[in-house]
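# Residue-level structure breakdown
Spelled out from the first residue to the last, the chains are:
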Amino acid sequence: MLEHYRTVRSSGSKEVVIRKSRFIGHIMPVENEEEALLFIEDIKKKHRDATHNCSAYVIGERDEIQRQSDDGEPSGTAGKPILEVIRNQGVKNVAIVVTRYFGGIMLGAGGLIRAYTDGAVLALEAGEVITRVLRREVFVEIDYTWLGKVENELRGRGIQTGETLFTDKVTLLCLPRNDEGDAFMAWITDLTQGQALVTEGRRIYYSEGD
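This report concerns the structure included in the present document. (Residues numbered from 1 in each chain as written. Predicted model: local features only at pLDDT ≥ 70, side-chain atom pairs only at ≥ 80, totals over all residues. Heavy atoms only, no water.)

Let us now look at the overall build of the protein. Secondary structure summary: the protein contains five helices and 10 strands in total. Relative to its length of 210 residues, the protein is extended, with a C-alpha radius of gyration of 23 Å against a globular reference of 17 Å. For the protein, the spread of C-alpha atoms along the three principal axes comes to 75 × 25 × 25 Å. A total of about 10900 Å² of accessible surface is found on the protein, and carbon and sulfur atoms cover 48% of it. Each charge class in the protein can be summarised by its mean position, and for the 27 positive and 33 negative side chains these summaries are 7 Å apart. (Helix = DSSP H or I, 4+ residues; strand = E, 2+ residues; numbered from the N terminus. Rg over C-alpha atoms; globule rule 2.2 N^0.38 Å. Areas by Shrake-Rupley, 256 points an atom, 1.4 Å probe, with all protein chains shown as cover. Lys, Arg positive; Asp, Glu negative; His and termini not counted. Charge placed at Lys NZ, Arg CZ, Asp CG, Glu CD.)

What follows concerns the packing of aromatic side chains. Throughout the structure, instances matching the rule amount to four aromatic pairs. Seen from their ring centres, Tyr 5 and Tyr 205 are 5.0 Å apart, and the 80° between their planes marks the pair as edge-to-face. Residue Tyr 5 is found in strand β1 (residues 4–8), and its partner Tyr 205 is found in strand β10 (residues 197–207); the two are separated by 200 residues along the sequence. Judged by relative accessible area, which is 17%, Tyr 205 ranks as buried. For the pair Phe 23 and Tyr 116, a centre-to-centre distance of 5.2 Å together with 90° between the ring planes defines the contact as edge-to-face. One end of the pair, Phe 23, is in strand β3 (residues 21–29); the other, Tyr 116, is in helix α3 (residues 108–127), with 93 residues separating them in the sequence. Given a relative accessible area of 0%, Phe 23 falls into the buried group. For Tyr 116, a relative accessible area of 0% corresponds to the buried category. (Phe/Tyr/Trp six-rings, centres within 6.5 Å; stacked < 30°, edge-to-face > 60°. Buried < 20%, exposed > 50% of the residue type's maximum accessible area, 1.4 Å probe, protein only.)

A few words now on the pairing of strand β4 (residues 52–59). With respect to burial, β4 is a largely interior element, eight of its eight residues being buried. Pairing geometry for β4 and strand β6 (residues 94–101), over seven bridges, is antiparallel. Looking across to β6, one finds that Ala 56 is bridged to Ile 96. Relative to strand β5 (residues 65–69), β4 runs antiparallel, the two being bridged by five bridges. Paired with Val 58 across the strands is Gln 66, a residue of β5. (Pairing = 2+ DSSP bridges.)

We note that Asn 93 has phi near 55°; this positive angle belongs to a residue other than glycine. Positionally, Asn 93 belongs in the loop between α2 (79–88) and β6. The class for Asn 93 is buried, based on a relative accessible area of 10%. Residue Gln 193 is not a glycine yet carries a positive backbone phi of 55°. Looking at where Gln 193 falls in the secondary structure, it is placed in the loop between α5 (181–191) and β10. Take Gln 193: its relative accessible area is 61%, and that puts it in the exposed class.

Before going further, it helps to spend a moment on the nonpolar core. Counting residues in hydrophobic clusters, the biggest one holds 23 residues, and the most contacted among them are Phe 23, Ile 82, Ile 86, Ile 96, Tyr 116 and Leu 124. Contributing elements (two or more residues each) for this core: β3, β4, α2, β6 and α3. Per-element tally for this core: the top contributor is α3, with six residues. Those residues in contact with Tyr 116 that lie beyond four places of it in its chain are Phe 23, His 52, Cys 54, Glu 73, Thr 77, Ala 78, Ile 82, Val 98 and Arg 100. If you look at the next biggest cluster of nonpolar residues, it comprises 17 residues, including Ile 142, Leu 154, Phe 184 and Ala 196. (Core = buried A, V, L, I, M, F, W, Y, C linked by side-chain atoms within 4.5 Å. Contact = heavy atoms within 4.5 Å.)

Looking now at the sheet that holds β4. Where strands meet in a sheet, backbone hydrogen bonds hold them as pairs that are either parallel or antiparallel. One open sheet holds the five strands; their spatial order is β2-β3-β6-β4-β5, and the pairing between them is antiparallel. Only two strands of the sheet have a single neighbouring strand rather than two, namely β2 (12–18) and β5. Pairs of neighbouring strands in the sheet enclose a mean axial angle of 15°, with direction left out of account. Sheet strands touched by α2: β4, β5 and β6. Its angle to β4, the strand with the most contacts, is close to 35°. Each of β2, β3, β4 and β6 touches α3; the most contacted strand, β2, lies at about 150° to it. (Axes fitted to C-alpha atoms, helices over the stretch in contact; angles between N-to-C directions.)

So far we have only geometry, and geometry alone does not tell us how the molecule works.
And the structure:
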C-alpha cells in the first residue's frame, strides 16, 4: 500500500462559458473502473442533450488504469487533455467528465484543448484535491489514572486520534502514520511503563488533517 497519495475529497462540478459554449467539469472519487464507468454513464444520462460528454480517469496505486474518451470531438482534443490534467496534478482514483453544450462558434483544435483542460481543472477544484495518508490503528487500553498524561503527550506529539471508549478502563484509538507505527507502539509502552495494553488494528487511509 502507498504511504500517501493525492485524490479528491468528494464529487462536484463547475462550469465555464468559452465563446458561447458551456463547459461543465464533473468529478468523482472512484475505487475501481466499474465505479468510473457508472459515473460517466450517469453524467451522460443527466446531460443527454449535450453536444459532447468527454471523459478520463486514472485508477490504481501505480496508475495502472488510464482511460480517456473524446466522445465525438476531434481526436486528441478532449479526452487526452482531461487525462493530462489528472496526471499533471498527480491525483489518482478519480474520474472526470467535461460536458460541452455547443454555442455556435467553432473553437479549433487548440481552442478545444484549452477548453477541455480548463473544464478538467474546474472539476478538480470542485472535488477539492486532498492527500490521503496511510495510518495504523493502534488501540491503547489504560487505567483512568493514566488518561491525562497520555492525552497530553499525544497532543504534544501531534498524534492523530479517533474515538475513545470509556468502560472500566479507557481505550484510546491512536492513528500514527503507518511508517511510524512500530516506533509509536514502543513509545506508548515506554510512556506508560508497560502498563498499557497496546493492540494493533487495521491499516487505513485517512485524509490529511481529518
